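Chain by chain, the residues:
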Amino acid sequence: MKNKLLFWLKTYLGFSKRESQGFVLVLPILIALYTIPKIYDNYILHSSEADYLVYQGTVDSLLKAGFVISPIKTTEPGQDSSRKSTSSPRLRTATLNKLDFNEADSIVLQIVPGIGQTMAGRIVKFREGLGGMWEKEQLLDVFGMSPEVMERVFDYFEFSPGIYRKVAINEWDASTLANHPYITYGAAKVIVAYRTQHGPYQQAEDLMKVKIFTEDWVEKVKPYLEF
């Protein structure tokens, strides 16, 4: 292949043997100089597209949770700033109102310093598993949550107490009961066994008749029970 290239250079371009050999040595460098920028540009393009998709997903989540984009008017250089501009706004800025905690998904929650992807996922899973929170301090029941980070969460988010799904304690089987974050599978089996033996529960305090349940636990689960 090399000999054919040297022959072609000498025959058709009039290169001397020395010039042909020099050109063959330089040719790979020229090819590299041409292709490397192309490869780099292609890499940057794909990387930028991936970053944009992540960015767009974050923006969509913020807008869904209540993030408001507000336009502001600016003056042109030399324009009297005391006079109202008649031109349309040139710049836009984001105004962050307190977002609804119940609407924040795992992406939006990561705007809070100290909340990463893993913790945000735990918060969403806990909140959805409960069926709504009735007090802020319940967030401390999330594994790894500290009081400092909990306070920071509600610097960013508006908390509205409310339970939208309750536990049908007299109807659900053990597996379904155990889906609730406050009810372990062992506790669920005991609840069902006692119900089978003594009949339906009439009130949360009936759980105190089961010796393994503490008053603190009953008070914690009580708002979620439906009789």
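Preceding this paragraph is the structure being described.
The shown structure was predicted, so the numbers you read here are calculated from the model rather than taken from an experiment.

Draft legend 1. Quick look at helix H3 (residues 117–130). Taking 1.5 Å per residue as the helical rise, H3 with its 14 residues ought to reach 20 Å, and the 20 Å between its terminal C-alpha atoms agrees with that figure. All of the buried residues in H3 are Met119, Ala120, Ile123, Val124, Phe126, Arg127 and Leu130. Each buried residue of H3 lies within a common arc of 165° when the element is viewed along its axis, so the set occupies one face. Along H3, the residues that are exposed and aim more than 90 degrees away from the buried face are Gln117, Thr118 and Lys125. Phi turns positive, to about 85°, at Gly131, one or two residues after H3.

Draft legend 2. Structural view of the pattern of salt bridges. Enumeration according to the criterion identifies four salt bridges in this entry. With a shortest N-O distance of 3.0 Å, Lys222 and Glu205 are connected by a salt bridge. Placement of the pair is Lys222 in the loop between helix H7 (215–221) and strand S6 (225–226) and Glu205 in the loop between helix H6 (185–198) and H7, with a sequence separation of 17 residues. Taking relative accessible area as the criterion, Glu205 reaches 36% and is therefore assigned partly exposed.

Draft legend 3. The nonpolar core, seen in detail. Counting 44 residues, the largest nonpolar core has Phe101, Ile115, Leu139 and Leu207 as its most contacted members. Of all the elements in the fold, those that place two or more residues in this core are H3, helix H4 (147–156), helix H5 (174–177), H6 and H7. The residues contacting Ile115, other than those within four sequence positions of it, are Leu109, Gln110, Ala120, Ile123, Met145, Val149 and Val153.

Draft legend 4. Representation of H6 in the model. Counted at 1.5 Å a residue, the expected span for H6 with its 14 residues is 20 Å, and the 20 Å between its end C-alpha atoms agrees. Those residues of H6 that are buried lie in contact with H5 and H7.

Conventions adopted
- Residues numbered from 1 in each chain as written.
- Predicted model: local features only at pLDDT ≥ 70, side-chain atom pairs only at ≥ 80, totals over all residues.
- Heavy atoms only, no water.
- Helix = DSSP H or I, 4+ residues; strand = E, 2+ residues; numbered from the N terminus.
- Expected span 1.5 Å × (residues − 1).
- Buried < 20%, exposed > 50% of the residue type's maximum accessible area, 1.4 Å probe, protein only.
- Arc of directions from axis to C-beta.
- Salt bridge = Lys/Arg side-chain N within 4 Å of Asp/Glu carboxyl O.
- Core = buried A, V, L, I, M, F, W, Y, C linked by side-chain atoms within 4.5 Å.
- Contact = heavy atoms within 4.5 Å.

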